[in-house]
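Now for the letters of each chain:
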Amino acid sequence: MKILLDVMGGDNAPNAVLQGAADAVKEFGQGMTIALLGQEEVIRKAAAELNIDLAPFEIINCTEVVTMEEDPVKAARHKPDSSLVKGLTMLKKGEGDAFVSAGSTGALHVATSLIVRTVKGVKRPALATPMPGIQQHYLLLDCGANAECRADMLNAFGTMGSVYAQKVMGRSNPSVALVNNGAEDHKGTPMYREAHQKLKANPSIRFVGNIEPRYIPEGKVDVVVCDGFVGNVVLKLTEGVATSLLGMLKPIFLKNLFTKLAYLTIKDGLRGLKKMMDSEEVGGAPLLGAAKPVIKAHGSSKARGIKNAIRQAKTCVENDLCGTMEKALAETMAAAQD
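Residues numbered from 1 in each chain as written. Predicted model: local features only at pLDDT ≥ 70, side-chain atom pairs only at ≥ 80, totals over all residues. Heavy atoms only, no water.

**Concerning the packing of helix α6 (residues 151-167) against helix α7 (residues 190-201)**
Alright, step 1. At their nearest, the axes of α6 and α7 sit 8 Å apart, and the two run at 45 degrees to each other. It follows that α6 is oblique to α7 by the angle criterion. Between α6 and α7 lies a crossing of right-handed hand. Taking contact as the criterion, the partners of A151, D152, L154, N155 and G158 in α6 are, on α7, M191, Y192, E194, A195, K198 and L199.
Alright, step 2. In terms of residue class, the contact of α6 with α7 is built from six nonpolar, two polar and three charged. (Axes fitted to C-alpha atoms, helices over the stretch in contact; angles between N-to-C directions. Helix = DSSP H or I, 4+ residues; strand = E, 2+ residues; numbered from the N terminus. Parallel < 35°, antiparallel > 145°, perpendicular 65-115°, else oblique. Left-handed = near helix turned anticlockwise from the far one by under 90°. Contact = heavy atoms within 4.5 Å. Nonpolar A, V, L, I, M, F, W, Y, C, P; charged D, E, K, R; others polar.)

**Some points on α7**
Because an α-helix completes one turn every 3.6 residues, residues spaced three or four positions apart along the sequence face the same direction.
Alright, step 1. Taking 1.5 Å of rise per residue, the twelve residues of α7 would be expected to cover 16 Å, and the 17 Å separating its terminal C-alpha atoms lies within 8% of that figure.
Alright, step 2. All buried positions along α7 are accounted for by M191, Y192, A195, H196 and L199. One side of α7 holds all its buried residues, which, seen down the axis, span an arc of 140 degrees. Looking at α7, the residues exposed on the side facing more than 90 degrees away from the buried face are P190, K200 and A201. (Expected span 1.5 Å × (residues − 1). Buried < 20%, exposed > 50% of the residue type's maximum accessible area, 1.4 Å probe, protein only. Arc of directions from axis to C-beta.)

**Examining the pattern of salt bridges**
Alright, step 1. Per the stated rule, a full pass over the model turns up 13 salt bridges.
Alright, step 2. Between E70 and K79 there is a salt bridge, with the nearest N and O atoms lying 2.8 Å from each other.
Alright, step 3. Between K187 and E184 there is a salt bridge, and its shortest N-O distance comes to 3.4 Å.
Alright, step 4. By relative accessible area, which is 28% here, K187 ends up partly exposed.
Alright, step 5. Taken together, the shared-partner salt bridges in this structure form one network comprising E27, K307 and R311. (Salt bridge = Lys/Arg side-chain N within 4 Å of Asp/Glu carboxyl O.)

**Comments concerning the state of the cysteines**
Alright, step 1. A complete count under the given rule lists zero disulfides for this structure.
Alright, step 2. Just so you know, C143 is unpaired, no disulfide at all, and the nearest cysteine sulfur is the one on C226, 8.0 Å from it.
Alright, step 3. According to the relative accessible area criterion, C143 is buried, its value standing at 4%.
Alright, step 4. Here C316 is not disulfide-linked; the sulfur of C322 is the nearest cysteine sulfur, at 7.2 Å.
Alright, step 5. Judged by relative accessible area, C316 falls into the buried class, the value being 9%. (Disulfide = S-S within 2.5 Å.)

**Considering the pairing of strand β3 (residues 58-61)**
Alright, step 1. Of the strand pairs in this sheet, strand β2 (residues 33-38) and β3 are connected by four bridges, and their pairing is parallel. The residue of β3 that forms the bridge with L37 is I60.
Alright, step 2. Following the chain from β2 across helix α2 (residues 40-50) to the adjacent parallel β3, one finds a crossover that is right-handed. (Pairing = 2+ DSSP bridges. Right-handed = clockwise from strand over helix to strand, strands pointing away.)

**Regarding empty space enclosed by the protein**
Gaps left between atoms are located by rolling a probe of water-molecule size over the structure's atoms.
Alright, step 1. The tally for this structure, following the rule as stated, stands at two cavities of 30 Å³ or more.
Alright, step 2. The calculated volume of the largest cavity comes to roughly 50 Å³.
Alright, step 3. Contributing to the lining of the largest cavity are D6, M8, G9, V65, V66, S82, S83, L84, G103 and S104.
Alright, step 4. Grouping the amino acids of the lining of the largest cavity by side-chain chemistry returns four nonpolar, five polar and one charged.
Alright, step 5. If you add up the space inside the second largest cavity, you get close to 30 Å³.
Alright, step 6. Looking at the second largest cavity, the residues that line it are L287, L288, G289, A290, L321, C322 and M325.
Alright, step 7. Of all the secondary-structure elements, those providing two or more residues to the lining of the second largest cavity are β10 (284-288) and α12 (321-337).
Alright, step 8. The class makeup of the residues in the lining of the second largest cavity is six nonpolar, one polar and no charged. (1 Å grid on protein atoms, 1.4 Å probe; cavity = no way out; pocket = protein on both sides within 12 Å on 5 of 7 lines; lining within 4 Å. Points joined across faces, edges and corners; volume = space filled by probe spheres on them.)

In structure tokens:
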């Protein structure tokens, strides 16, 4: 198995990406090769600074870099020798089994759609990530790939999310909800009201209606559907609130001897909560609907986040995520026509 890694993508590239790759090789690298895509001189210099042995890796020199500020379409079309575009091209040609990048979400989404393409039945891939909930984890999509969506796209996201929840997450008859500013059918923008009706009429899913943002963290539904702008806000607000609340607890427990003793009794639980809420533990989000595994790591990923994104890519390949998705979508579409 070969994982293609964009070393130049992300806020902390190349050092965090290289360290994450090195950690991945040590922890679960058996039977896996990681190809490092980027400017070879930069990669070797960073590896020397970090004291990382590059012997286990394949280095693929790329002369161009896609920055966060660039127009996604222009970057995808006019920078063929960038680590992002070159990696996706190699994936398309079968020269790798999965691609991981912490770079520009827009460029990754556009380039994936143009180069790797989508499985049959999917027009636009969506970023989907499991999110922590009180009752259970839920799948959020889209969480950043498609900032503006049509109603039929949200309907497709509902089908993809339901299939993923059933086939990959192991949920039986998963529930699907649409993010909105009220539970009533008539709430929301015209597009969201139209999407509600389409999801309600979708025979391939179990649609349970609108869900207000304050109820999302309860984890009572399996799949939460929204456009990429709203989803990215939900994702980052959840991360920010979790970090803030955990930070606020520290001075409370350090207040006096009694609070310190109280902390000792619950520290394991707090550590577990912190780990559950940590985006670095998830690693990244798959572009659900892409023809081959493409993992978008968080732009601010540190080494642990990159390592876990590689782990996720490895799992997607081992479980044939894309093949399973295509087959399941074909089954649901056939069932809808009967």
